[in-house]
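# Secondary and tertiary structure notes
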Amino acid sequence: MSVTSAPYRSEMPDGRDGFGELLHAEWTKFRTVRGWVITAVAAALLIVLFAYLGTFHHEDGGICVGANPASGTCQSFAHPTPPLGPGGEAVTDTYSFVHRTLAGDGSITVRVSSLSGRVQAGNGNAASATDMAGASGQVQPWAKAGLILTATTKPGSAYAAVMLTGAHGVRMQYDYTHDAAGPAVHTPRWLRLTRSGTTLTGYQSADGRTWTRVGSAHLASLPQIVQAGLFVTSPPTAPAEQALVPGSGGVATGATATFGWPDLQGGWSPGGWAAENVGANVDNAVLPTLSSVGSRRSGSGFTITGSGDIAPSVGGGETDKNALTGVFVGLIALIVLAVMSITGEYRRGLIHTTLTASPRRGRVLIAKAVVIAAVAFVAGAAAAAVSIPLGNHILRANGNYVYPAGTLTQLRVVLGTGALVALAAVLALALGTALRRGAGAVTAAILLVVLPYMLAFASALPAGASQWLMRITPDAAFAVQQTLPQYHQVAYLYTPSEGFYPLAPGIGLAVLAAYALVALLVAHRLLRTRDA
Amino acid sequence: MSEALHAEWTKARTVAGTGWLLLGAIVLTVGLSAVVALAVSYSSTGSGQDITKLSLAGVDIGQAVVAILAVQTIAGEYSSGMIHITLTAMPNRLALLAAKAAIVSALVLAAGAVAVLGSLYAGRLILPAHGFTAAHGYALLALTHGLTLRAALGSVLYLALVGLLSLGVAAAVRDCATAIGIVLGLLYLFPILAHLVGGPSLQRHLEQIGPMTAGLAIQATTNLHHLPIAPWAGLAVLAAWAAAALLAGAVLLRLRDA
């Protein structure tokens, strides 16, 4: 009688080999290498540390006045606090105003017979008082002369205006950020602004008889009694690229317009016209302005000279970019970490165990990418969430002006910074998988992510080439850190070095994501087709 | 010592990567220099350009390849385990590091000279066609011009010093990825941080102590009074970084088990 014994079978249930287990395995690998955890934490701390280093030195903070590009120094520093517009954005609201009080509905019509301009004498490097009084020059493209209706003459008030510009024809603008184009015409021109309840409408005419509508605005919070009349203003020239010291606002200009006698209809209060240089006494010298402005009666009308702008403020203050100085430092640490998470396996031979336990190699790569992306995202986003309030607090404490940014914008910058470093880490992981060499992969990733930024800002490349680098290289993703919008109606040097990127935040991030995806696909193919 | 040199030379000569890396350094340097020269024009940037510095811009990328070569020379031995054999055959660790430094320097000087001459030649061909002509006050790039010669020689020395800095860091940290991360961080972060921090005085200080920003002052041929640091002093700053890294590498190599 023979006894047959069944072969030994383990009582343990079969191990599962789903993606969840793979993720768990990769997370365990990361978590248990002490150096890697320290590197990830250090990356986040470095970002915060450099937020401090990047902002605390602004001890002589404020806006550079009398910038000398050759030595990078300023004669003095202004401490502006730009007024806030109805939408909460920082604005410039400086113009020469000849006005009367309007109660309720009404309209004002005037003929603009000429518009001329002046540019501050000197080269803007060391403007003296006499230089600021102005000299000859061309009218600025965005010099404005026309009719304005404003809640009050306090800078930052709600308003609507129809105007003739130096080179952009007739425009209807309201509440600083809104701009509608009329016909591209020149002086002489007739302008009309009417108020009906909270609706303001601008018209223009060539002869004062046939009128066409330029645009209209609905100003919900407009009070019953408003100030309306003639205005002239002229923004500084956009600073030239070569002569730009960070924070310098260009060269002051002025514009002079001659108006005919205004024709008034509706509830205008009796009495004469009052002249006022709105915003001239406010300590908001973000924009350089000429000192010789004002108005006088001339013949049967007014001649008004103005300097300044009625527009959103874009230059001169600080943005989140200073607080995020350290992202590059953290980025390099995370790139090294991401590369080592795969090249370390090759070096130690662990890759054989990994691929034996999980023969589906594509899933191994994806699991690694998920883990490293999550680690990098958390490190980047957490560091940004600490850095931005910290950096902005230090900047403000040192007398700098920091542009206000909405909660949603701040959230976008924080999450975007996390996504940026996460995608860069995935790109580095893919390069590490493809090259299997630590040195080569780290170098390739750093050259892709850091070198374009350095070339764009710290080399002799012209602004045009820098803009292209910020479109087509992985650094396009830094667009997520832009907090100030770019306004076509404000002439400014909208370059990346001033915090303005050529692509929208989402698109910029998508460019980096495309790089990461392509690298991941190549790495996937190589991992599957090569022997480990 | 000559045996150590011979051994290191044999290693460098027979590893396939060396030739490719040197070729890559030359191609990338000349390539980036040419691209930058093609990207600028007199009409877009105006006068006051330093065309010598412009045509040597490729050193920015070439140095990264030099760093790989130098890092691989020693950290590569740690990752392959070769270091055990090397140290068994050559127990004098300082002599070993000195031999590696000599070989890296020689290779980088040779490749750097080719890369720099190629870059200047590319600039000489491209820049006049982009408006940088005698009529606009720009002389043709030539090594007979004293400052251009200094910039060229200095750039070659710069690359060699970057190689030594990388070798020292790699000897200290013994891991390729970490070492290259540290070296490229040291090189590239200073110019970026100097750009991002707003204050002119801190910016200047950063440019004075950064190995890349200080070292590349040697490329300047115009506006010499406005440099953050004098050309040769700048190269000395980089040399100090390289010496400090080599010293740290030598001490750690001497004290630690392989």
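Residues numbered from 1 in each chain as written. Chains lettered and ligands numbered in written order. Predicted model: local features only at pLDDT ≥ 70, side-chain atom pairs only at ≥ 80, totals over all residues.

## Some words on the overall build of chain A
If you tally the helices and strands in chain A, you get 12 helices and 17 strands. When each of the 532 residues of chain A is scored for burial, the buried share is 54%. For chain A, long-range pairs separated by at least 24 residues make up 76% of all intrachain contacts whose partners lie at least 6 apart in sequence. (Helix = DSSP H or I, 4+ residues; strand = E, 2+ residues; numbered from the N terminus. Buried ≥ 20, exposed ≤ 12 C-beta atoms within 10 Å, placed from the backbone. Contact = placed C-beta atoms within 7 Å.)

## Things to note about the overall build of chain B
Along its length, chain B carries 12 helices and 0 strands. Helices (α) and strands (β) of chain B occur, in sequence order from the N terminus, as α-α-α-α-α-α-α-α-α-α-α-α. Relative to the 2.2 N^0.38 estimate, which gives 18 Å for 258 residues, the radius of gyration of chain B is 19 Å and therefore close to what a compact globule would have. Dimensions of chain B, computed from C-alpha atoms along their principal axes, come out at roughly 65 × 40 × 30 Å. Relative to its full complement of 258 residues, chain B shows a buried share of 56%. (Rg over C-alpha atoms; globule rule 2.2 N^0.38 Å.)

## Remarks on the packing of helix α5 (residues 327-348) of chain A against helix α7 (residues 361-397) of chain A
Residue and element names in this part refer to chain A. It is at 11 Å that the axes of α5 and α7 come closest, and there the two elements cross at 165°. Judged on the interaxial angle alone, α7 and α5 are roughly antiparallel. In the crossing of α5 with α7, the sense of the turn from one axis to the other is right-handed. Contacts between α5 and α7 involve Gly330, Leu334, Ala338, Ser341 and Ile342 from the former and Lys368, Ile372, Ala376, Ala379, Gly380 and Ala383 from the latter. Here the contact of α5 with α7 is composed, by residue class, of 7 nonpolar, 3 polar and 1 charged. (Axes fitted to C-alpha atoms, helices over the stretch in contact; angles between N-to-C directions. Parallel < 35°, antiparallel > 145°, perpendicular 65-115°, else oblique. Left-handed = near helix turned anticlockwise from the far one by under 90°. Nonpolar A, V, L, I, M, F, W, Y, C, P; charged D, E, K, R; others polar.)

## Remarks on the interface of chain B and chain A
Contacts between the two partners involve 39 residues from chain B and, on the opposite side, 43 residues from chain A. Only α2 (16-39), α3 (42-45), α4 (51-55), α5 (59-80), α9 (176-196) and α10 (200-209) of chain B provide two or more residues apiece to the side of chain B that touches chain A. Among the elements that take part in the side of chain B that touches chain A, α9 of chain B stands out by supplying 14 residues, more than any other.

## Re the nonpolar core
In this structure, Ile335, Val339 and Ala425 of chain A are the most contacted members of the largest nonpolar core, which totals 248 residues. Lining this core are residues from two domains, each supplying at least three of them: domain 1 (19-60 + 318-529) and domain 2 (90-312) of chain A. (Core = buried A, V, L, I, M, F, W, Y, C linked by C-beta atoms within 7 Å. Domains from an automatic or database assignment.)

## Notes on the environment of Ala151 of chain A
Residue and element names in this part refer to chain A. Checked against the element boundaries, Ala151 lands in the loop between β4 (144-150) and β5 (159-165). With 17 C-beta atoms packed within 10 Å, Ala151 lands in the partly exposed category. Considering only alpha carbons, one finds Ala151 and Pro223, 72 residues apart in sequence, at a separation of 6.3 Å. Not counting the four nearest positions on each side in its chain, Ala151 is found in contact with Ser157, Ala158, Tyr159, Leu222, Pro223 and Val226.

## Details of unusual backbone geometry
Residue and element names in this part refer to chain B. Look at Arg174: it is not a glycine, yet its phi comes out positive at around 65°. Tracing the chain through its elements places Arg174 in the loop between α8 (146-173) and α9. Despite not being glycine, Asn223 has its phi angle at roughly 55°, a positive value. Along the chain, the position of Asn223 falls in the loop between α11 (211-215) and α12 (231-255).

## Side note on the packing of α5 of chain B against α9 of chain B
Residues and elements named next belong to chain B. It is at 9 Å that the axes of α5 and α9 come closest, and there the two elements cross at 150°. Relative to α9, the element α5 is oriented roughly antiparallel. Remark: the crossing between α5 and α9 carries right-handed chirality. Contact residues: α5 offers Gln63, Ala64, Ala67, Ile68, Val71, Gln72, Ala75, Gly76 and Ser79, while α9 offers Cys176, Ala179, Ile180, Val183, Leu184 and Leu187.

## Looking at the domain arrangement of chain A
All names here are of chain A. Splitting chain A by domain gives domain 1 (19-60 + 318-529) and domain 2 (90-312). Taken over C-alpha atoms, the centre of domain 1 sits 44 Å from the centre of domain 2. Taken residue by residue, the interface counts 9 residues in domain 1 and 12 residues in domain 2. Of the residues that constitute the side of domain 1 that touches domain 2, the class distribution is 8 nonpolar, 1 polar and no charged.

## Notes on α12 of chain B
Since the α-helix advances by 3.6 residues per turn, residues separated by three or four positions end up pointing in the same direction. Residues and elements named next belong to chain B. The end-to-end C-alpha distance of α12, which contains 25 residues, comes to 36 Å, matching closely the 36 Å that a straight helix rising 1.5 Å per residue would cover. What α12 keeps buried is the set Pro231, Gly234, Leu235, Val237, Leu238, Ala239, Trp241, Ala242, Ala245, Leu246, Gly249 and Leu253. Looking at the buried positions of α12, the neighbouring elements they touch are α7 (93-126), α8, α10 and α11. (Expected span 1.5 Å × (residues − 1).)

## What to know about the confidence of the model for chain A
The predicted coordinates of low-pLDDT regions are not to be read in fine detail. Scored by pLDDT, chain A has a mean of 85; 88% of the residues are at 70 or more. Here residues 241-247 of chain A scores under 50 on pLDDT; set against residues more than four positions off or in separate chains, the count is 18 contacts. (pLDDT = per-residue confidence, 0-100.)

## Here we look at the confidence of the model for chain B
When pLDDT is averaged along chain B, the result is 90, and 98% of the positions lie at 70 or above. Here the prediction assigns the complex a pTM of 0.86, and the interface score ipTM is 0.92.

## Re α9 of chain B
Residue and element names in this part refer to chain B. Between its first and last C-alpha, α9 extends 29 Å over 21 residues, near the 30 Å set by a 1.5 Å rise per residue. Taking the largest bend as the criterion, α9 deviates by roughly 35°, centred on Leu189, and proline Pro191 comes between one and four positions later. The buried fraction of α9 is high, at 20 of 21 residues. (Bend = angle between axes of the 7 residues up to and from the residue.)

## Structural notes on the pairing of strand β7 (residues 178-181) of chain A
Residues and elements named next belong to chain A. Here 4 bridges tie strand β6 (residues 170-174) to β7, and the two strands are oriented antiparallel to one another. Its bridge partner being in β7, Met172 is matched across the sheet by Ala180. Between β6 and β7, which pair antiparallel in sequence order, lie 3 residues; one of them, Asp175, sits at a positive phi of approximately 45°. (Pairing = 2+ DSSP bridges.)

## Let's talk about the environment of Leu520 of chain A
Residue and element names in this part refer to chain A. Note that Leu520 resides in helix α12 (residues 505-529). What makes Leu520 buried here is the crowd of 21 C-beta atoms within 10 Å. Note: C-alpha distance between Leu520 and Gly362 (158 residues apart in sequence) is 9.8 Å.

## Digging into the pairing of strand β12 (residues 253-259) of chain A
Residues and elements named next belong to chain A. The element β12 is extensively covered by neighbouring structure, given that 7 of its 7 residues are classed as buried. Judged by which residues are buried, β12 turns out to be covered on both faces: Thr253, Ala255, Ala257 and Phe259 on one side and Gly254, Thr256 and Thr258 on the other are all buried. With 7 bridges joining them, strand β3 (residues 91-119) and β12 adopt antiparallel strand pairing. Bridge pairing links Val119 to Thr253 in β12. Relative to strand β16 (residues 301-306), β12 runs antiparallel, the two sharing 5 bridges. Its bridge partner lying in β16, Thr258 is registered against Thr303.

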